[in-house]
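What follows is each chain in one-letter form.
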Amino acid sequence: MKRVGVVYHSVSGCSKVLAESVVEGVNTLEKCIGVALEIQGESIRHGRYEDQSLLAQLDQCEAIVMGSPTFMGTVSAQFKAFMDAASERYGDRCWLDKLAAGFTVGSNFSGDQLGTIRTLQVFAAQMGMLWVPLDILPSQDSLGRNRGGCQSGLVAVAEGAGEIHELDRLTAVHLGRRIAGLALRTSDFRTTFLD
């Protein structure tokens, strides 16, 4: 069974909706299981993220999808604290060659959400992970998904407190299904060439 961890921070509930939708997409494929792991503020003490059990769960995942609201053009402080704590795995290359993807949500279409996605991409690269972009061409999807038009990751726009547009939710489901499918395909490569 291939595990996909969806680690996220949510303030208004929008990132939580997207995380649960990614998990829904992962769980549409046999031999894959998605698990949502929320970054809680009480897990941060003196500016440092301390939930080692959450990090250990991610160590066991084939792929990790990361999600944060966009604050001032980047991830939330809580998500950054998680990234700093996870970087302790850098030297041991614990997450080497795991698949990675990301999503974010902002309050409008021009809220610098791409800065958040790029922060997640750079973090994944530093950890030796393989970034999975969104594969839905904007304005060409028959269902209207990827309405934000970002290829690097899912960019959503909040409709209100805890409310996500249905097309953004469906894009998140697609992202989950995509990364789960790739996790199934690449596991043979990892076993053959990297062990």
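Residues numbered from 1 in each chain as written. Predicted model: local features only at pLDDT ≥ 70, side-chain atom pairs only at ≥ 80, totals over all residues. Heavy atoms only, no water.

### A word on the overall build of the protein chain
Part 1 of the argument: A tally of regular secondary structure across the protein chain gives five helices and nine strands.
Part 2 of the argument: Secondary structure elements in the protein chain, listed N-terminal to C-terminal, are β-α-β-β-β-α-β-α-β-α-β-β-β-α.
Part 3 of the argument: The C-alpha atoms of the protein chain give 16 Å as radius of gyration, which agrees with the globular expectation for 195 residues (16 Å, within 12%).
Part 4 of the argument: Every one of the 195 residues in the protein chain was classed for burial, and the buried ones make up 48%.
Part 5 of the argument: In the protein chain, once contacts between residues fewer than 6 apart in sequence are set aside, the share between residues at least 24 apart is 76%.
Part 6 of the argument: Carbon and sulfur atoms make up 51% of the accessible area of the protein chain, which totals about 9,100 Å².
Part 7 of the argument: For the protein chain, the separation between the mean place of its 18 positive charges and that of its 22 negative charges on side chains is 4 Å. (Helix = DSSP H or I, 4+ residues; strand = E, 2+ residues; numbered from the N terminus. Rg over C-alpha atoms; globule rule 2.2 N^0.38 Å. Buried < 20%, exposed > 50% of the residue type's maximum accessible area, 1.4 Å probe, protein only. Contact = heavy atoms within 4.5 Å. Areas by Shrake-Rupley, 256 points an atom, 1.4 Å probe, with all protein chains shown as cover. Lys, Arg positive; Asp, Glu negative; His and termini not counted. Charge placed at Lys NZ, Arg CZ, Asp CG, Glu CD.)

### Some remarks on the packing of helix α2 (residues 52–59) against helix α3 (residues 77–86)
Part 1 of the argument: In contact at an axis separation of 11 Å, α2 and α3 are set at 65 degrees when each is read in the N-to-C sense. Classified by the angle between their axes, α2 and α3 sit roughly perpendicular to one another. Here α2 runs over α3; the crossing is right-handed. Side by side, α2 and α3 meet where Leu-54, Leu-55 and Leu-58 of the first sit next to Phe-82, Ala-85 and Ala-86 of the second.
Part 2 of the argument: Along the lines of polarity and charge, the residues of the contact of α2 with α3 split into six nonpolar, no polar and no charged. (Axes fitted to C-alpha atoms, helices over the stretch in contact; angles between N-to-C directions. Parallel < 35°, antiparallel > 145°, perpendicular 65-115°, else oblique. Left-handed = near helix turned anticlockwise from the far one by under 90°. Nonpolar A, V, L, I, M, F, W, Y, C, P; charged D, E, K, R; others polar.)

### Quick word on the pattern of salt bridges
Part 1 of the argument: Under the counting rule described, the total for this entry stands at ten salt bridges.
Part 2 of the argument: Glu-24 is paired through a salt bridge with Arg-169; the nearest N and O atoms lie 3.1 Å apart. Remark: Arg-169 occurs in helix α5 (residues 166–194) and Glu-24 occurs in helix α1 (residues 14–26); sequence separation between them is 145 residues.
Part 3 of the argument: Where Glu-50 meets Arg-45, a salt bridge forms, and the shortest distance between an N and an O atom there is 3.0 Å.
Part 4 of the argument: Glu-50 gets classed as partly exposed once you look at its relative accessible area, which sits at 39%.
Part 5 of the argument: Through salt bridges with shared partners, a single ionic network connects Glu-24, Glu-166 and Arg-169. (Salt bridge = Lys/Arg side-chain N within 4 Å of Asp/Glu carboxyl O.)

### Section: α1
Part 1 of the argument: With 13 residues, α1 should reach 18 Å at 1.5 Å per residue; the first-to-last C-alpha distance of 19 Å fits that figure.
Part 2 of the argument: For α1, the complete set of buried residues consists of Cys-14, Ser-15, Leu-18, Ala-19, Ser-21, Val-22, Val-23, Gly-25 and Val-26. (Expected span 1.5 Å × (residues − 1).)

### With respect to the state of the cysteines
Part 1 of the argument: Here the structure, examined in full by the defined rule, presents zero disulfides.
Part 2 of the argument: Note on Cys-61: no disulfide assigned, nearest cysteine sulfur contributed by Cys-32 at a separation of 11 Å. (Disulfide = S-S within 2.5 Å.)

### Side note on the packing of aromatic side chains
How two aromatic rings sit relative to each other is given by the distance of their centres and the angle of their planes.
Part 1 of the argument: Inspection of every chain in the model, using the stated rule, returns three aromatic pairs.
Part 2 of the argument: Residues Tyr-49 and Phe-82 carry aromatic rings whose centres are separated by 5.8 Å and whose planes lie at 85 degrees to one another, so their mutual orientation is edge-to-face. Placement of Tyr-49 in strand β4 (residues 48–49) and of Phe-82 in helix α3 is noted, with a sequence separation of 33 residues between them. Like Phe-82, Tyr-49 is buried.
Part 3 of the argument: With centroids separated by 6.4 Å and ring planes inclined at 85 degrees, the aromatic side chains of Trp-95 and Phe-123 adopt a geometry described as edge-to-face. Pair noted here: Trp-95 is in the loop between α3 and β6 (99–106) and Phe-123 is in helix α4 (residues 113–126), with a separation of 28 residues, a long-range link. Per residue, the accessibility class of Trp-95 equals that of Phe-123, and both read buried.
Part 4 of the argument: Here Arg-93 stacks its cationic end above the ring of Tyr-90, 5.0 Å away from the centre of that ring. (Phe/Tyr/Trp six-rings, centres within 6.5 Å; stacked < 30°, edge-to-face > 60°. Lys NZ or Arg CZ within 6 Å of the ring centre and 35° of its normal.)

### A word on the pairing of strand β5 (residues 63–69)
Part 1 of the argument: The buried count for β5 comes to seven of seven residues, which makes it a mostly enclosed element.
Part 2 of the argument: Burial along β5 is two-sided: the face carrying Ala-63, Val-65, Gly-67 and Pro-69 and the face carrying Ile-64, Met-66 and Ser-68 are both buried.
Part 3 of the argument: Where strand β1 (residues 2–8) meets β5, five bridges bridge the pair, whose relative direction is parallel. Paired with Val-6 across the bridge in β5 is Val-65.
Part 4 of the argument: Pairing analysis gives seven bridges linking β5 to β6, with the strands arranged parallel. Looking at β6, one finds that Ile-64 is bridged to Ala-100. (Pairing = 2+ DSSP bridges.)

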